[in-house]
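# Reading the structure
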Amino acid sequence: MSTSPHNCESFREEHLLASSRTAEAPACGDCRGWIRRSDLQLGLLGSLERHPAPLALDAALADALEVGAAGQEALLRGLERQSAPPALGARLAAELAADPRPSWAGIVGSLAPKAAPSVLDRLVDEELSDPEAAVTRRFVGGLFRARGPRGLADRIERDLRPSRLGGRRLTLSLGGLAAAVLLVWGVTPLLDGSPTEQRLSFTVVQVTNLDDLDPFARSLVEGLAGGRVNPVQPASDQPPGSVNDGGGR
Amino acid sequence: MIRRSLGALFGALGLGILSISCGSSAGLTDGTSGAVDLITQIQQAPYLVSHSGVRRVESNYNLDGQNDHLVYREEVFTDGQGGFAINPLGAITGATLPAGDFQLLQKAREGFHFRYRDFLVRDLAAFLQNYKLTSFGQVVQVAGRDCLELSIERKDASLSFDLAMDVETGLVLRYRELDASGHTYSKMEYESFDPAPDLTGVTLHQPSNQEQPLDPSTPALAQLGFQPFIPKLLPSSGFFFVEASSVVDALGTTWAKLSYTDGIETVFFLDAGPRLPESALGVGVKSSSSPPGTGGLSGGPDGTAPELQDGVRCFVDGPLTVVWGEVLEHRMILLGKATQSELSGMLQSALPTLQLGK
């Protein structure tokens, strides 16, 4: 048998919400007296003659509901504002004062203020000075990066094989080397009196006629190509060994 | 040994796809030793396998802007000890010379054809770096022999080869060479094959160009009679130095011959040294038009590099390029399957720099 302490408020709410009356007697006299009085009120109210609401009321309500949100807002605005009872405010303040937990305002106020990093100022200035460019950078940076074809990677690796360096290191190394070479090339003539070197150049003349080839070069070409037709007939009085091709070891 | 190795290798290949992209991480340490063995067999077979056969050779070329082709047959013999003989049997089409003259010329080129014309893996390391080999395990019949089909492509896509390799001996019994645009540049196919030839009466090749390897420990001047130019820049498509030798042409001129390979193809750099006096030259050789002592240089404008008077000529036929000319009194020839700019750069890198006083 439960021995929970009697709570008049809870009992009375349950009593009012209950669909049927229980025969159990209330625990305290106040509740018994309350029950007698509520039953008497219910009996009196139930004995009154019922009158239907006037039809005009329904029409007025429908009209009121059809005015839309603006109209409803006017209706609501027209209602008299109800303020919370003073006892509620006093009760809330008493409960907060009694709560041992610190308020969030107190927690935040106790934190030491931190200054924003200086780079943030620069970033904000850049953003504000050219908002379109900033948006573009963020947009492009979020795009999917497609990988280069495998053949390109193989070719680059093959061309850079002797150094065995990564792409970025090689670029930096080559850039540094080029800079050093340029520096040496530019500064050295100013520093010493040794003679300078100059590379020779030559022009290349394209020929399309086999007859224009050097005879030895022609024999090599035809040998390498599998023995093309040589319109220049070999001299018949020369022994076969004299018409050689330079590759017969 | 070759037969057992190839038999085991062929069994391992089966119908799978064998593909190696050599030179990077997919090299010898990548579990592709079988493919490397395959390539080694191809490299050594012409020198270690005795055989004979008749083969058909086709060469497509461009003369004065006109495309034409030459097709002929030849009979080949190898003794398995490095000896060989190639006897031309006559042209089928494309020849304008009388048959006897044609066979005479082809026979004179016997050594060159065997060493440089035919498909051959000439350097394993260079091959692994510059080419990729693919096989789908398909077996075809060539001259009655079971052959494995292989595809070899240079990594810069400038050349490719379709091969049929005899499974038992490793000899390439059929190949087709394609240029960068996919056109067939040359073809060879065996029409008959004898793995146990009778070499009685066969005269193996005897070199006729007095080619002698140069001794790297002895100065070139002592061996050649002149100091040859040496290229410092090689074609970018991965060529490596192979050997240096001296050869003598039909007119008795001694050339320094430097050979470079990318694993399959060969680029030659030949230097005949300073030109002899005109009285010692034979018919058909041009003499320099530049004043003596100037080395063929013309005075250039101030601040510009001096330019050579005679210039350099270039002839291109498909993937094959030849550059030749007289440079600083040195007759020079560069020849191979490289671009004109690569050979020109190679030539220029061989030239000495001029010392200009301040």
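Note that residues are indexed from 1 along each chain, following the sequence as it is written. Numbering of ligands from 1 and lettering of chains from A proceed in the order in which they are written. The predicted origin of the model limits local features to residues at a pLDDT of at least 70 and limits the giving and counting of side-chain atom pairs to 80 or more, whereas totals for whole chains, interfaces and linings rest on all residues. With hydrogens and water set aside, each side-chain value is computed from the structure's full complement of heavy atoms.

## Observations regarding the overall build of chain A
To qualify as a helix, a DSSP run of H or I must reach at least 4 residues; to qualify as a strand, a run of E must reach at least 2; elements of each kind are numbered from the N terminus. A tally of regular secondary structure across chain A gives 11 helices and 2 strands. Taken from the N to the C terminus, the helices and strands of chain A come in the order α-α-α-α-α-α-α-α-α-α-β-β-α. Here chain A holds 249 residues, and the buried ones make up 17% of them. In these tables, accessible area is a Shrake-Rupley quantity obtained with a 1.4 Å probe, and a residue counts as shielded only by the protein chains included in the view. For chain A, the exposed area adds up to about 19900 Å²; of that, 62% sits on carbon and sulfur atoms. Between buried and exposed lies partly exposed: a residue is buried under 20% and exposed over 50% of the maximum accessible area for its type, with that area taken using a 1.4 Å probe on protein chains only.

## Section: the packing of aromatic side chains
Residues and elements named next belong to chain B. Put simply, two rings from Phe, Tyr or Trp (the six-membered ring, in Trp's case) pair if the centres are within 6.5 Å, and we call them stacked under 30 degrees between planes, edge-to-face over 60, tilted for the rest. Counting across every chain of the model gives 11 aromatic pairs over all chains. Ring centres 5.8 Å apart and planes at 40 degrees place the aromatic pair F112 and F268 in the tilted group. A residue pair is termed long-range when its members are at least 10 positions apart, and F112 in helix α4 (residues 110–117) and F268 in strand β14 (residues 266–274) qualify at 156 residues. In this structure F112 comes out as buried when scored by relative accessible area, which is 0%. Centroid distance Y190 to F193: 6.0 Å. Interplanar angle 65 degrees. Geometry classified as edge-to-face. Looking at F193, the relative accessible area reads 13%, which means it is buried. An aromatic cluster of three or more residues is present, and its members are Y47, F84 and F114.

## Quick look at the sheet that holds strand β18 (residues 320–327) of chain B
Two strands pair under a simple rule: DSSP has to find at least two bridges between them. One open sheet holds the 8 strands; their spatial order is β2(A)-β17(B)-β18(B)-β19(B)-β14(B)-β13(B)-β12(B)-β11(B), and the pairing between them is mixed. Of all the strands in the sheet, just β2 (204–207) of chain A together with β11 (212–213) of chain B have a single pairing partner and so form its edges. In terms of strand pairing, strand β17 (residues 312–317) of chain B meets β18 of chain B through 6 bridges, oriented antiparallel. Following the sheet pairing, V316 of chain B is matched in β18 of chain B by T321 of chain B. Two residues form a contact once any of their heavy atoms are found within 4.5 Å. Interaxial angles span 0 to 180 degrees and are taken between N-to-C directions of axes, which are lines fitted to C-alpha atoms, for helices over the stretch in contact. The strands that helix α11 (residues 215–224) of chain A touches are β12 (240–248), β13 (254–261), β14, β18 and β19 (330–336) of chain B; relative to β19 of chain B, the one it contacts most, it runs at about 15 degrees. Against the sheet, helix α7 (residues 340–350) of chain B engages β2 of chain A together with β13, β14, β17, β18 and β19 of chain B, with an angle of about 145 degrees to β19 of chain B.

## Topic: the confidence of the model for chain B
Counting all residues, the mean pLDDT for chain B is 79, and 77% of those residues have values of 70 or more. Within the model, pLDDT remains below 50 along residues 1–31 of chain B, and this stretch shows 61 contacts once partners closer than five positions in the same chain are excluded. The score called pLDDT rates the predictor's confidence residue by residue, from a low of 0 to a high of 100.

## Describing unusual backbone geometry
All names here are of chain B. For A143, which is not glycine, the phi torsion reads 50 degrees and is therefore positive. If you trace the backbone, A143 turns up in the loop between β6 (139–142) and β7 (145–154). Note on A143: relative accessible area 26%, which makes it partly exposed.

## A short note on the environment of G223 of chain A
Note on placement: G223 of chain A falls in helix α11. Since its relative accessible area comes to 0%, G223 of chain A is described here as buried. Setting aside residues up to four positions removed in sequence, G223 of chain A forms contacts with R109, F112, H113 and R117 of chain B.

## Here's the deal with the nonpolar core
Residues and elements named next belong to chain B. In terms of nonpolar packing, the biggest core is built from 40 residues, with F119, F127, L150, I152 and L163 touching the most fellow members. The dominant element in this core, judged by the number of residues it contributes, is helix α2 (residues 33–48), at 5 residues. Non-local contacts of L163, meaning those with residues more than four positions away in its chain, are made with F119, L148, E149, L150, I152, V172, R174 and Y175. For our purposes a nonpolar core is just a set of buried Ala, Val, Leu, Ile, Met, Phe, Trp, Tyr and Cys residues, chained together by side-chain atoms within 4.5 Å. Counting 26 residues, the second-largest nonpolar core is a separate cluster that includes L214, F229, V327 and L343.

## Comments concerning the pairing of strand β8 (residues 159–166) of chain B
Residue and element names in this part refer to chain B. Most of β8 sits out of view: 7 of its 8 residues are buried. Here β7 pairs with β8 via 7 bridges, running antiparallel. Bridging across to β8, S151 finds its partner in D162. Here β7 folds back onto β8, and the loop between the two strands holds 4 residues, one of which, A157, carries a positive phi near 65 degrees. For β8 and strand β9 (residues 172–179), the ladder comprises 7 bridges, and the chain directions are antiparallel.

## Observations concerning a nonpolar patch on the surface
Residue and element names in this part refer to chain A. On the surface, V119, L120, L123, V124 and L128 cluster together into a nonpolar patch covering about 420 Å² of accessible area. Here L128 lies in helix α7 (residues 118–129). Assessed through its relative accessible area of 62%, L128 is described here as exposed. Exposure above 30% relative accessible area and no salt bridge define the residues that can form patches, which grow by joining like charges within 9 Å and nonpolar side chains of Val, Leu, Ile, Met, Phe, Trp and Tyr within 5 Å. We define a salt bridge as a side-chain nitrogen of Lys or Arg found within 4 Å of a carboxyl oxygen belonging to Asp or Glu.

## What about the packing of α11 of chain A against α4 of chain B?
Relative orientation of the contacting elements α11 of chain A and α4 of chain B amounts to 55 degrees, with a least axis distance of 9 Å. On the basis of the axis angle, α11 of chain A is oblique to α4 of chain B. The chirality of how α11 of chain A crosses α4 of chain B is right-handed. In this structure, α11 of chain A uses L220, E222, G223 and L224 of chain A to contact α4 of chain B, whose residues at the interface are F112, H113, Y116 and R117 of chain B. Residue classes in the contact of α11 of chain A with α4 of chain B are distributed as 4 nonpolar, 2 polar and 2 charged. What sets the label is the angle itself: under 35 degrees gives roughly parallel, over 145 gives roughly antiparallel, 65 to 115 gives roughly perpendicular, and the rest give oblique. For a crossing to be left-handed, the near helix must be turned anticlockwise from the far one by less than a right angle; the clockwise case is right-handed. Polar here means any residue outside two lists: the nonpolar Ala, Val, Leu, Ile, Met, Phe, Trp, Tyr, Cys and Pro, and the charged Asp, Glu, Lys and Arg; Gly therefore counts as polar.

## Let's talk about the pairing of β13 of chain B
Residue and element names in this part refer to chain B. Most of β13 sits inside the fold, with 7 of its 8 residues counted as buried. Summarising the sheet, β12 and β13 pair through 8 bridges and their orientation is antiparallel. When the sheet's bridge partners are listed, S246 is paired in β13 with A256. What sits between the antiparallel neighbours β12 and β13 is a turn of 5 residues, in which G252 has the positive phi angle 85 degrees. The pairing of β13 with β14 spans 6 bridges and is antiparallel. Paired with K257 across the strands is L270, a residue of β14.

## Focus: helix α2 (residues 29–47) of chain A
Residues and elements named next belong to chain A. A rise of 1.5 Å per residue sets the reference length of α2, with its 19 residues, at 27 Å; its end C-alpha atoms lie 27 Å apart and thus fit the reference within 8%. Among the residues of α2, C31, G33, W34, I35 and S38 are the ones counted as buried. Buried residues belonging to α2 abut α1 (8–17). Expected helix span is taken as 1.5 Å per residue step, with the number of steps being one fewer than the number of residues.

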